[in-house]
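# Structural features, examined
Here's the letter readout for the chains.
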Amino acid sequence: MGNSASIAGGQTAIPAKETYVWYRKFMMEYPSGLQTLHEFKTLLGLQGLNQKANQHVDQVYNTFDMNKDGFIDFVEFIAAVNLVVRGKIEQKLKWYFKLYDADGNGSIDKKELLNIFMAVQNLNGQQTLSPEEFTNLVFRKIDINHDGELTLEEFINSTEKDQDLLEIVSKSFDFSNVLNVICQGKQPDAGGCFLQTM
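Residues numbered from 1 in each chain as written. Predicted model: local features only at pLDDT ≥ 70, side-chain atom pairs only at ≥ 80, totals over all residues. Heavy atoms only, no water.

## A look at the overall build of the chain
The following threshold applies: Secondary structure elements follow DSSP: runs of H or I of four or more residues count as helices, runs of E of two or more count as strands, with numbering from the N terminus. Here's how the labels work: a residue is buried when its accessible area is under 20% of the maximum for its type, exposed when over 50%, partly exposed in between, all with a 1.4 Å probe on protein chains only. Residue-level accessible areas treat just the shown protein chains as cover; the underlying method is Shrake-Rupley with a 1.4 Å probe.
Scanning the chain from terminus to terminus reveals ten helices and four strands. In the chain, the succession of helices and strands from N to C terminus is α-β-α-α-β-α-α-β-α-α-β-α-α-α. Per-residue burial for the chain yields a buried fraction of 44% across its 198 residues. When the accessible area of the chain is evaluated, it comes to approximately 10,300 Å², of which 52% is carbon and sulfur surface.

Structure (structure tokens):
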């Protein structure tokens, strides 16, 4: 088995030695073993956001808080890192869907997608597409039955088949800067933010 183990979905887990390094960093930063939403935002330099951007960051935090206790513990943290670093595309698409599905009803409507993309743009300044253009593009390519809502199946199947759309969606949730901030133990540059558009 070596330094890493296979986990659900065929994804390779972070090697034990690397997990230990992450654990030490996490516990040094959060001696209680729990990270709060405020600490998450502080770590990533995300104070003073507008309402939409703030709601998006809250949604990201809440998807990492798997047991919904209001904290991210080390197990939840390492699962998030594992998803970001080693997750297969289908796993990431499921997570993106969960982020887009703001009301948690199992489908994404145009308003949810528009709101989340506006929040992403507020965080990272991406200007390639306007939120309306992005929303219309996604629905044109993915909403196969034209009911005005995207199901998880539609989202995954259509996004996996369309490389351009996959790239746009993936860039929206690039968390590589998050990992750099955590590894280096310092705030991101004033001009940078942990979310980069896809």
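## Points about the environment of Asp69
The line we're drawing: In protein, a polar contact means a hydrogen-donor-capable atom and an acceptor-capable atom, both N or O and within 3.5 Å, with residues adjacent in sequence counting only if both atoms are side-chain atoms; elsewhere, any N or O pair within 3.5 Å suffices.
With respect to the helices and strands, the residue Asp69 is situated in the loop between helix H3 (51-64) and strand E2 (72-73). Here Phe71 takes part through its backbone nitrogen, which lies 3.0 Å from a polar atom of the side chain of Asp69.

## Thoughts on the packing of H3 against helix H5 (residues 89-100)
To be explicit about the condition: Only the contacting stretch of a helix is used when fitting its axis, a line to C-alpha atoms as for every element, and angles between N-to-C directions run 0 to 180 degrees. For classification purposes, an angle smaller than 35 degrees is called roughly parallel, one larger than 145 roughly antiparallel, one from 65 to 115 roughly perpendicular, and anything else oblique. Crossing chirality is assigned from the near helix's rotation relative to the far helix, an anticlockwise turn below a right angle marking it left-handed and a clockwise turn marking it right-handed. In what follows, residue pairs with any heavy atoms lying within 4.5 Å of each other are defined as contacts. In this classification, the charged set is Asp, Glu, Lys and Arg, the nonpolar set is Ala, Val, Leu, Ile, Met, Phe, Trp, Tyr, Cys and Pro, and all remaining amino acids, among them Gly, are polar.
One can describe the packing of H3 onto H5 by two numbers: an axis separation of 9 Å at closest approach and a directional angle of 130°. Relative to H5, H3 is oriented oblique. Where H3 crosses over H5, the handedness of that crossing is right-handed. When H3 is examined against H5, the residues Gln59, Val60, Thr63 and Phe64 are found in contact with a partner set consisting of Trp95, Lys98 and Leu99. Grouping the constituent residues of the contact of H3 with H5 by class yields four nonpolar, two polar and one charged.

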